[in-house]
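Chain by chain, the residues:
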Amino acid sequence: MSALIVLLAIVTTLVAAARLTDRPLEAQASQGPIEQERVVRISGTIDGSAHITDATGVTIADYAPGEAVFIATIARVIARERKKFGADLTKPIHLRKRSNNRISFFDPQTGKETELSSFGADNVLAFAVLFDM
(Lines give C-alpha, C1' and ligand atoms only; values in the text may rest on other atoms or scores of the structure.)
Protein backbone atom coordinates (compact mmCIF):
# COMPACT_ATOMS: atom_id res chain seq x y z
CA MET A 1 0.00 0.00 0.00
CA SER A 2 2.80 2.42 0.80
CA ALA A 3 4.41 1.74 -2.60
CA LEU A 4 1.18 2.84 -4.26
CA ILE A 5 1.16 6.07 -2.26
CA VAL A 6 4.79 6.76 -3.20
CA LEU A 7 4.03 6.10 -6.88
CA LEU A 8 1.02 8.42 -6.72
CA ALA A 9 3.16 11.14 -5.12
CA ILE A 10 5.83 10.79 -7.83
CA VAL A 11 3.29 10.97 -10.66
CA THR A 12 1.58 13.98 -9.08
CA THR A 13 4.93 15.75 -8.70
CA LEU A 14 5.90 15.08 -12.33
CA VAL A 15 2.57 16.33 -13.65
CA ALA A 16 2.70 19.45 -11.47
CA ALA A 17 6.27 20.21 -12.60
CA ALA A 18 5.31 19.81 -16.27
CA ARG A 19 2.32 22.12 -15.86
CA LEU A 20 4.19 24.78 -13.90
CA THR A 21 7.08 24.92 -16.38
CA ASP A 22 4.83 24.84 -19.49
CA ARG A 23 6.75 21.84 -20.77
CA PRO A 24 5.75 21.17 -24.40
CA LEU A 25 3.76 18.06 -25.22
CA GLU A 26 5.94 15.21 -26.43
CA ALA A 27 3.56 12.28 -26.83
CA GLN A 28 1.73 13.59 -29.86
CA ALA A 29 0.77 11.49 -32.86
CA SER A 30 3.33 11.59 -35.62
CA GLN A 31 2.18 13.85 -38.39
CA GLY A 32 2.94 13.03 -41.98
CA PRO A 33 2.87 15.58 -44.76
CA ILE A 34 -0.52 17.04 -45.68
CA GLU A 35 -1.80 15.33 -48.84
CA GLN A 36 -5.07 17.18 -49.11
CA GLU A 37 -6.56 20.16 -47.31
CA ARG A 38 -10.00 21.67 -47.56
CA VAL A 39 -11.08 24.92 -45.94
CA VAL A 40 -14.63 24.60 -44.63
CA ARG A 41 -17.14 26.23 -42.33
CA ILE A 42 -19.10 23.86 -40.12
CA SER A 43 -22.18 24.65 -38.08
CA GLY A 44 -24.11 22.15 -36.04
CA THR A 45 -26.96 22.00 -33.58
CA ILE A 46 -27.79 19.84 -30.60
CA ASP A 47 -30.30 17.83 -32.66
CA GLY A 48 -27.50 16.38 -34.81
CA SER A 49 -28.04 18.50 -37.88
CA ALA A 50 -25.07 20.13 -39.57
CA HIS A 51 -24.37 22.50 -42.42
CA ILE A 52 -20.98 22.56 -44.16
CA THR A 53 -19.84 25.11 -46.72
CA ASP A 54 -16.57 25.73 -48.50
CA ALA A 55 -14.54 28.89 -47.91
CA THR A 56 -16.63 30.85 -50.43
CA GLY A 57 -19.96 29.87 -48.83
CA VAL A 58 -21.02 27.19 -51.33
CA THR A 59 -22.85 24.34 -49.57
CA ILE A 60 -20.89 21.09 -49.46
CA ALA A 61 -23.28 19.13 -47.25
CA ASP A 62 -26.50 19.77 -45.39
CA TYR A 63 -27.50 17.12 -42.86
CA ALA A 64 -30.96 16.79 -41.30
CA PRO A 65 -31.45 16.26 -37.55
CA GLY A 66 -29.78 13.06 -36.39
CA GLU A 67 -27.81 12.54 -39.61
CA ALA A 68 -24.51 14.11 -38.55
CA VAL A 69 -24.36 13.94 -34.78
CA PHE A 70 -20.55 13.70 -34.67
CA ILE A 71 -20.03 16.56 -37.14
CA ALA A 72 -22.53 18.71 -35.23
CA THR A 73 -20.75 17.90 -31.97
CA ILE A 74 -17.37 18.87 -33.43
CA ALA A 75 -18.88 22.15 -34.69
CA ARG A 76 -20.15 22.95 -31.19
CA VAL A 77 -16.77 22.05 -29.64
CA ILE A 78 -15.00 24.38 -32.09
CA ALA A 79 -17.43 27.18 -31.21
CA ARG A 80 -16.91 26.61 -27.48
CA GLU A 81 -13.10 26.69 -27.87
CA ARG A 82 -13.28 29.85 -29.94
CA LYS A 83 -15.40 31.55 -27.29
CA LYS A 84 -12.68 30.76 -24.72
CA PHE A 85 -10.13 32.52 -26.95
CA GLY A 86 -12.49 35.36 -27.89
CA ALA A 87 -12.04 34.29 -31.52
CA ASP A 88 -14.31 34.86 -34.51
CA LEU A 89 -16.94 32.08 -34.59
CA THR A 90 -17.61 32.49 -38.31
CA LYS A 91 -14.10 31.79 -39.64
CA PRO A 92 -13.43 28.48 -41.43
CA ILE A 93 -11.35 25.52 -40.26
CA HIS A 94 -8.86 23.47 -42.27
CA LEU A 95 -9.78 19.84 -42.79
CA ARG A 96 -6.55 17.90 -43.44
CA LYS A 97 -5.77 14.47 -44.82
CA ARG A 98 -2.19 13.37 -44.22
CA SER A 99 -0.02 10.86 -46.07
CA ASN A 100 -0.38 8.38 -43.20
CA ASN A 101 -4.19 8.29 -43.84
CA ARG A 102 -4.93 10.37 -40.78
CA ILE A 103 -7.61 13.04 -40.89
CA SER A 104 -7.59 16.06 -38.65
CA PHE A 105 -8.93 19.56 -38.52
CA PHE A 106 -6.93 22.66 -37.73
CA ASP A 107 -8.53 25.78 -36.32
CA PRO A 108 -6.36 28.80 -37.15
CA GLN A 109 -8.39 30.89 -34.69
CA THR A 110 -7.21 28.84 -31.70
CA GLY A 111 -4.09 27.22 -33.14
CA LYS A 112 -5.37 23.76 -32.23
CA GLU A 113 -5.25 20.70 -34.47
CA THR A 114 -7.43 17.73 -33.57
CA GLU A 115 -6.76 14.24 -34.85
CA LEU A 116 -10.03 12.43 -35.58
CA SER A 117 -8.80 8.80 -35.53
CA SER A 118 -9.31 8.46 -31.79
CA PHE A 119 -13.07 8.98 -32.29
CA GLY A 120 -13.55 5.77 -34.31
CA ALA A 121 -13.62 4.77 -37.96
CA ASP A 122 -17.25 5.78 -38.59
CA ASN A 123 -16.64 9.28 -37.26
CA VAL A 124 -13.46 9.66 -39.32
CA LEU A 125 -15.43 8.57 -42.39
CA ALA A 126 -18.02 11.29 -41.71
CA PHE A 127 -15.27 13.86 -42.33
CA ALA A 128 -13.36 11.87 -44.99
CA VAL A 129 -16.28 12.04 -47.42
CA LEU A 130 -16.12 15.85 -47.31
CA PHE A 131 -12.90 15.73 -49.37
CA ASP A 132 -14.83 14.18 -52.27
CA MET A 133 -17.91 16.40 -52.13
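Cut-offs used in this document
- Residues numbered from 1 in each chain as written.
- Predicted model: local features only at pLDDT ≥ 70, side-chain atom pairs only at ≥ 80, totals over all residues.
- Heavy atoms only, no water.
- 1 Å grid on protein atoms, 1.4 Å probe; cavity = no way out; pocket = protein on both sides within 12 Å on 5 of 7 lines; lining within 4 Å.
- Points joined across faces, edges and corners; volume = space filled by probe spheres on them.
- Helix = DSSP H or I, 4+ residues; strand = E, 2+ residues; numbered from the N terminus.
- Salt bridge = Lys/Arg side-chain N within 4 Å of Asp/Glu carboxyl O.
- Buried < 20%, exposed > 50% of the residue type's maximum accessible area, 1.4 Å probe, protein only.
- Polar contact = N/O pair within 3.5 Å; in protein donor to acceptor, adjacent residues only side chain to side chain.
- Contact = heavy atoms within 4.5 Å.

A.B. asks: Got a sec to walk through the layout of surface pockets? Specific residues and values, please.
C.D. replies: Space inside the second largest pocket adds up to approximately 190 Å³. Around the second largest pocket sit 14 residues that line it, and Ile42, Ser43, Ala75, Arg82 and Leu89 are the ones nearest its centre. Breaking the lining of the second largest pocket down by element, the ones donating at least two residues are strand 1 (34-44) and helix 2 (69-85). Of the residues forming the lining of the second largest pocket, the biggest block, five residues, is contributed by helix 2.

A.B. asks: An account of the pattern of salt bridges is requested, with residue identities and associated values reported.
C.D. replies: This structure, assessed with the given rule, holds seven salt bridges. Residue lysine 84 is joined to glutamate 81 by a salt bridge in which the shortest nitrogen-to-oxygen separation is 2.9 Å. A residue pair is termed a helical-turn pair when its members lie 3 or 4 positions apart in one helix, as lysine 84 and glutamate 81 do in helix 2 at three residues. We classify lysine 84 as exposed; its relative accessible area is 59%.

A.B. asks: Just give me the short version of the side chain of arginine 96, but keep the residues and values in it.
C.D. replies: In this structure, arginine 96 sits in strand 4 (residues 93-98). Looking at arginine 96, the relative accessible area reads 13%, which means it is buried. Among the polar contacts listed, one links the side chain of arginine 96 to the side chain of glutamate 113, at a separation of 3.1 Å. Those residues in contact with arginine 96, other than ones at most four positions away along the chain, are Ile34, Gln36, Glu37, Arg102, Ile103, Ser104, Phe106, Glu113 and Phe131.

Any link to function would need more than the numbers given here.
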